[in-house]
Every structure is written in C-alpha cells, then in structure tokens.
Amino acid sequence: MTHNNPDPLTHLAAAERRRDAQLAAVLTRLCGEIDAAAFRDLQARLTWRRLAAGETLFRRGDPGDAMYIVVAGRLLFIEDESAELPIRGEIGPGELVGEFALLTDEPRLADVHAIRDTDLVEISRPVFEELTRRYPRLMIHLARNIIGHSRQALRVTQPTDLRALTFAVAPTAPSVPLAAFARRLVEALAAFGPTLHLSSERFDRAYGRAGMAQIPQDHPAQAAVTAWLSEQEARYRYIVYETDASWTPWTGRCLRQADRLLLVGRAGDDPTPGEIETARPGRERLRTELVLLHPEGAERPRGTAAWLAPRRVQAHHHIRLERSDDLQHLARRLTGRAVGLVLSGGGARGMVHVGTIRALEEKGLPIDFVGGTSIGSVIGAACALGWDYEEIARRVRTFSSGRTLLDRTLPLVSLCAGQKLSRVLRALFGGVQIEDLWRPYFCISCDVSQGREVIHQSGTLWRAVRASVAIPGIFPPLLDEEGNLLVDGGVINNFPIDVMRGLCGEGLVIAVDASSPRHKQKAYRFGPVVSGWRVLGQRLNPFRPAPAVPSLLGSLMRVLGANSLYRAEAVRPLADLIIRPPVRGIGLLEFDAYAEIIEIGYQTARQALAEWSPEG
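Note that the coordinates shown come from a computational prediction; the quantities given were computed from them, not determined experimentally.

Draft legend 1. Geometry of a nonpolar patch on the surface. Residues Leu 410, Leu 412 and Val 413 make up a contiguous nonpolar surface patch of roughly 380 Å² in combined accessible area. Here Val 413 is to be found in the loop between α16 (402-405) and α17 (419-429). For Val 413, a relative accessible area of 63% gives the class exposed.

Written out as structure tokens, the structure reads:
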C-alpha cells in the first residue's frame, strides 16, 4: 500500500502542536491557570519522556530523583510484586507518579510500567525546586493535588481497576465476526459517553490520508499519527480500536494504544490461540480479557476452561450479539459501572435472597457479578446461571424441607451424612462449570486444614457450593483435590462484600444480610462444672424450670460465626447498599417456611430499593 507522504517536517510540526496543547491542558488541571510566558518557561524546563508499551519507568528501590506527569497513555504501578496480593493500580493522563519519593527523598515504593505507549514529562528535583521559587502560586496548587492524591491512595485497601479509555478488539481467528462485535460494543459504550470506533479503514477516512493506518513505526509521520490519536482521547470518552484479521502495522498500533485488550472468539471454534495472540510482543502487562460469542439460542456456555487454559487473561465474558442486555453487561464491566450482588449465609433465613432477586428484577437493576456464602452460594449460583425469580423460586420449592436435605446419621463426623444435600445440589446444577456461567460468580468456603479462605471461581459448580454450605457439625466437610478439608464459608467470611468490591472495582455493590442479628444476652445460670445428665434430668422434670444453660449446637454456631461477625462489620462500608431483612426468630434449618421467608426478603428489598439512590 502506498502512503500519502508530505514533507516530514509538516508531520513533526503538527505533532508538536498537538503535544503542546495536551501539555497545556494537563498543567492547567494540575497547577491552575498559567499565562503564556509561564507556560513557555515551563515547557523549556520540563523533559519529555516516551515509554513504549511494556517499558519500565522505574522500579521499587530506585532513587526518587524525579517525578512525572502522564500526558498521554497509561501506566501500571505494582507495590511489591512478590507479595501474595500486591497492591496495584493504573495512572492515566493528567496524573502524577513518583511525587512522594521526590518530596521525601526516599527510594521508590513501587514498580511502574507502561501499559501502552505513553508520553510523560519529567520534573527533576533541581527543576522542581527552581519552579517552586519562581512560581509559588502554581506549585501550591500542584501541592494540593499531590495531597489529594495521597488521601485517595490511603483509601485503597485492595487491587482495583481504573476505568479504561481505549479498547483494542482482536480476533482469535480470521473467521470471528469482529466488525459486528466492534459495532455492537461501540453502541453499548455510547450510553456512557462519546465513543469513537476506529478500524484501519475508518482511521484513514478520519485522518484524511489514505494508507496512514498501515505506516510502520519508523515512518516520518509516526509522531503525528500518535499525536492525532491522543487528541481523539481528549474528545471522546472511549475509543474502540478494531484490529485487522492478522498481524499488520495497524494491528500493532491498536495494541500499543490500548488500555485493555479484548480477545474475541466464537465459542464453538478451536480454542487454540491465534496469530495475533502469539505475535504481540511486549504486551504482557496489558490487561487482557476473553470475549466468547454464542448463538442467540444457546442454553448456556460450554467448554470455557479449554479457552482459558492456554491464555493468561484477567476476565472472560459470554456474549450473544443479538442480546442487548449481554452487550450492556459487557459495557458496564468495562467502564467500571458493574453491579455486584452479595448474598450472605444464614441457613434457611437465606431464602430472603430469592425475594431480593424478585425486587431487583422489578426495579430493573441488572446483576453483573454475583457471589455468596453458604445458602447465599446456592441462590447466587442459580442467579449466575441466568435463571429469573420465577425459575429460582420453582427450584427452591423442590428442596426446601428438612426431609429433603437432612439425613441424620451416627454423629461421629456430623449430624447428617450429606448424601441428600449432595444429591440436591447435583440435581440443581448438574455438571455445570463455574467458568460456563452467564455471569461471573464466586462462593466462599473455609479450608480448615490450612486455616484460609477459599474463593471458588472455577471448577465444578455443585462441588464449590457443597463446600460452601458444609456447616460444621451438621454436614460433613468436603475434600478438595489436594486433600484439604473445606467447610461452610460462614466460618471465615459469611458476608463477602470485600471479595465483591475487588471484582466490581468502582461499580455498585448491593449486599443482602440474612444472618441473624446479634444474639440477646441470656441470663444463664450455671457453675464451672455442668453435668449433661443433670441438665437432661431437669429438662425431663415437669415440676422444675428448664435449666439456663447454652445448647451444644448453639454454642458451636456462635463460636463458628464469631470471626465472620467481626469481619462482616469491617467490610460493610465497602457496600453501596446493604439490605437487612428481619429474620430474627427464623431457625437455621427452618426450610419448610421458605414461602414466608421469600416474602420477607421481597418486601424488605423492595422498600430498601425504593428509598435508595445509586447516585447517592
């Protein structure tokens, strides 16, 4: 393909003008209004840096001899990458990086890498000190922004993802209907802000010169093209870069410009990684997600694990192109607007979750993520399968009785053998894998062998739920593949709002608490020695009051729930809305009262949603 190639100096001049305009906008945001003379002086003192995608700006422990302002592009910071759960985040245009080390003269606290091609300006310590003397008003404004940034950083308690601005969509095979998917994605994103769709042909038309999309990186017009694309980021909230069907200069540019890569495949195709996936160099730190396209009539996804196994992706999505709700779900997740539903444990009291789902449907609130513990894991799994309220309620009726769930046995391991419970869960969920659910799902169990929380996000659904509902003493634990004992997640995290917040990022988290309120302090009367035979005799004597002693099962439940109760109080502030149905007086195993409990959940949730404003 030939390129319309005017004088290279013309390209460079255009690139410099666009870059100066971007710098002026960024400095005005950080430092307040700047007159022309001061701006020219600042320009002369600042040093431009350009990082290619994947390149490192600095590493943890490096000297803090400069700070940087991101003008275009995006960076990733990782504090202590060797940690089990390192704190990480993204730094976008108009934001500072490295300012704390500069001000405190201490080593860097994090590794910082370029997610995509990124332009920065460097402010060294001597330059910073000189600017402070010459422009105190501007630097005071900048200091206020630094303080605001530090306060925001202090509130970060777990990894979160900033809202991406630019998306590259690439096919896993040439047969993927990428153009149709890109158009549908653009339509969905446009509901949240102006959105630009660029394929190689669309770029050439918008730029006004044929062939410019396919210029190589060493072309004289490269800087001007990059600057033009950065200018579009100032005009549009989102940009979707549609790659070519194979590796081309345009495909490479799409990946270099992207905050996030969406690999798009057809669910029934060969899951082997395609040409673009294997050819993309230096993009290991680019957040990559898999989108699997399904036909309109698909009952549920299948075989997702085979797609995930050869890829390193941070998330996956199941999409039917004809379904607007699927595309809207994807757009909410990509833009930080996802809605997460957390369902607590609580035994039979957890039937309130079914009523909550009815209230959410009537309100028109979508559910993009769902997770839960114990009974919350059961109802959450039904929701993630795509069942509506009517279907869930119908299924619940099939197992909501003690006779269906409880098979009492010699209590050497537990009061129940667990065969009936396992049979019910197999009948509900069959061989479904968690990866094959329409909506992302997790459930919680407790590994008592290792003393840790287990977050189930893959594997056989019924087994994950079986582990999450294994109330110690009532049902036997479940052995995992490594031989660890898994019991009810309520032991360690009965209300996993914190897990959902980590998945949902800046989106909305709605949490339903089906646990019983704190127990009223009873007036117990007994000494340091309690004879079970004497207690039994007093209970059998109709002429004496019942002994004021705690029951064995009651004490066990209180001990097991103590940690979860403490943790639940700590994570409540992470939810946007907490619904607390009045469940006091409903027994842990009172499943026969399911209809009444569902109605309590519905009425409570309906009232809570009517009084709640998501924007508030």
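Draft legend 2. Main features of the packing of aromatic side chains. All chains considered together, the criterion is met by 8 aromatic pairs. Note on Phe 167 and Tyr 238: the rings are 6.4 Å apart at their centroids and 40° apart in plane angle, and the pair reads as tilted. Of this pair, Phe 167 sits in strand β9 (residues 166-171) while Tyr 238 is found in strand β11 (residues 238-242), placing the two residues 71 residues apart along the sequence. Using a relative accessible area of 0% as the deciding quantity, one classes Tyr 238 as buried. Ring centres of Tyr 207 and Trp 228 lie 5.6 Å apart, and the angle between their planes is 85°; this geometry places the pair in the edge-to-face category. Here Trp 228 lies in helix α8 (residues 222-235) and Tyr 207 lies in helix α7 (residues 200-207), a separation of 21 residues in the sequence. Each member of the pair, Tyr 207 as well as Trp 228, is classed as buried.

Draft legend 3. Inspection of the sheet that holds strand β8 (residues 118-124) at higher detail. Reading across the sheet, the 4 strands line up as β1-β8-β3-β6 and stay open at both edges, with antiparallel pairing between neighbours. The open sheet has two edge strands with one neighbour each: β1 (47-51) and β6 (96-97). Bridge analysis of β1 against β8 gives 5 bridges, and the strand direction is antiparallel. Each bridged residue has a counterpart across the sheet, and for Leu 51 the counterpart in β8 is Thr 118. With respect to the sheet, helix α4 (residues 125-134) is in contact with β3 (66-72) and β8, its orientation differing from that of β8 by roughly 70°.

Draft legend 4. Seen up close, the sheet that holds β9. In spatial order, the strands read β10-β11-β9-β12-β13-β14; together these 6 strands make up an open sheet with parallel pairing. Because the sheet does not close on itself, it has two edges, and the strands there are β10 (195-198) and β14 (315-320). With direction set aside, neighbouring strand axes in the sheet form an average angle of 25°. Both β10 and β11 contribute to a ladder of 4 bridges, which runs parallel. Looking at the pairing, Thr 195 lines up with Tyr 238 of β11. Contacts from helix α9 (residues 249-257) reach β9, β10, β11 and β12 (260-266) within the one sheet, and its direction differs from that of β11 by about 150°.

Draft legend 5. Up close: the pairing of strand β18 (residues 452-456). When strand β17 (residues 441-447) meets β18, the two strands line up antiparallel, connected through 5 bridges. By the bridge assignment, Asp 447 is partnered in β18 with Arg 452.

Draft legend 6. Inspection of the environment of Arg 567 at higher detail. Structurally, Arg 567 can be placed in helix α21 (residues 552-571). In this structure the C-alpha to C-alpha distance between Arg 567 and Ile 497, which are 70 residues apart in sequence, comes to 9.9 Å. Setting aside residues no more than four positions away along its own chain, Arg 567 makes contact with Glu 453, Ile 492, Asn 493 and Asp 498.

Draft legend 7. The arrangement of the pattern of salt bridges in detail. Going through the model one piece at a time under the given rule, you end up with 32 salt bridges. Notably, a salt bridge pairs Arg 49 with Glu 122, separated by 3.4 Å at the nearest N-O pair. Highlighted residues: Arg 49 in strand β1 and Glu 122 in strand β8, separated in sequence by 73 residues. Classification of Arg 49 by relative accessible area gives partly exposed; the value is 26%.

Draft legend 8. Structural detail: the packing of α8 against α9. Interhelical geometry of α8 versus α9 gives an angle of 50° and a closest axis separation of 12 Å. When the axis of α8 is compared with that of α9, the two are oblique. Along this stretch, α8 crosses α9, giving a crossing that reads as right-handed. Packed against α8, whose contacting residues are Gln 222, Val 225, Thr 226, Leu 229 and Glu 233, the element α9 presents Arg 253, Arg 256 and Gln 257 at the interface. For the contact of α8 with α9, the residue count by class is 2 nonpolar, 3 polar and 3 charged.

Draft legend 9. Geometry of the packing of helix α2 (residues 36-45) against α4. Between α2 and α4, the shortest axis-to-axis distance is 11 Å and the interhelical angle comes to 165°. When the interaxial angle is binned, α2 and α4 end up roughly antiparallel. The handedness of the crossing between α2 and α4 is right-handed. In this structure, α2 uses Asp 41, Leu 42 and Arg 45 to contact α4, whose residues at the interface are Val 127, Glu 130, Leu 131 and Arg 134. Class assignment for the residues of the contact of α2 with α4 results in 3 nonpolar, no polar and 4 charged.

Draft legend 10. Local environment of the pairing of β17. When you tally the buried positions in β17, you get 7 out of 7 residues, the bulk of the element. Of the two faces of β17, the one holding Tyr 441, Cys 443, Ser 445 and Asp 447 and the one holding Phe 442, Ile 444 and Cys 446 are both buried throughout. Alignment of strand β16 (residues 369-373) against β17, held across 4 bridges, turns out to be parallel. Opposite Val 370, over in β17, you have Tyr 441 as the bridge partner. Linking two consecutive strands that pair antiparallel, namely β17 and β18, is a turn of 4 residues; a positive phi of about 65° is found at Gly 451 within it. Relative to strand β20 (residues 485-488), β17 is paired through 3 bridges, and the arrangement is antiparallel. Residue pairing for β20: Asp 447 is matched across the bridge by Leu 486.

About the thresholds
- Chains are numbered independently. Their residues run from 1 in the order of the written sequence.
- Thresholds applied to this predicted model are a pLDDT of at least 70 for local features of residues and 80 or more for the giving and counting of side-chain atom pairs; totals over whole chains, interfaces and linings are not thresholded and use all residues.
- Note that the side-chain values use all heavy atoms of the structure and ignore hydrogens as well as water.
- The patch calculation keeps residues exceeding 30% relative accessible area without a salt bridge and links them within 9 Å when they carry like charges or within 5 Å when they are nonpolar (Val, Leu, Ile, Met, Phe, Trp, Tyr).
- Only the protein chains shown count as cover for residues, and the accessible areas themselves come from Shrake-Rupley with a 1.4 Å probe.
- Throughout this description, the term salt bridge denotes a Lys or Arg side-chain nitrogen within 4 Å of a carboxyl oxygen of Asp or Glu.
- Working definition: helices are DSSP H or I runs of at least four residues, strands are E runs of at least two. Numbering for both runs from the N terminus.
- Three labels apply to residues, based on accessible area from a 1.4 Å probe with only protein chains included: buried if under 20% of the type maximum, exposed if over 50%, partly exposed otherwise in between.
- Ring geometry is summarised as follows: Phe, Tyr and Trp rings, the Trp one being its six-membered ring, pair when their centres sit within 6.5 Å, and such pairs are stacked at plane angles under 30 degrees, edge-to-face over 60 and tilted between the two.
- The pairing criterion for strands is at least two bridges between them, as found by DSSP.
- Any pair of residues with heavy atoms lying within 4.5 Å of one another is described as a contacting pair.
- Orientation is described by lines fitted to C-alpha atoms, with helices fitted over the stretch in contact, and by angles between N-to-C directions that extend from 0 to 180 degrees.
- Throughout this description, any angle smaller than 35 degrees is read as roughly parallel, any larger than 145 degrees as roughly antiparallel, any in the 65 to 115 degree range as roughly perpendicular, and the remainder as oblique.
- The handedness criterion is simple: a crossing whose near helix is rotated anticlockwise from the far helix by less than a right angle is left-handed, and one whose near helix is rotated clockwise is right-handed.
- Ten residue types, Ala, Val, Leu, Ile, Met, Phe, Trp, Tyr, Cys and Pro, are classed as nonpolar, four, Asp, Glu, Lys and Arg, as charged, and the remainder, Gly among them, as polar.

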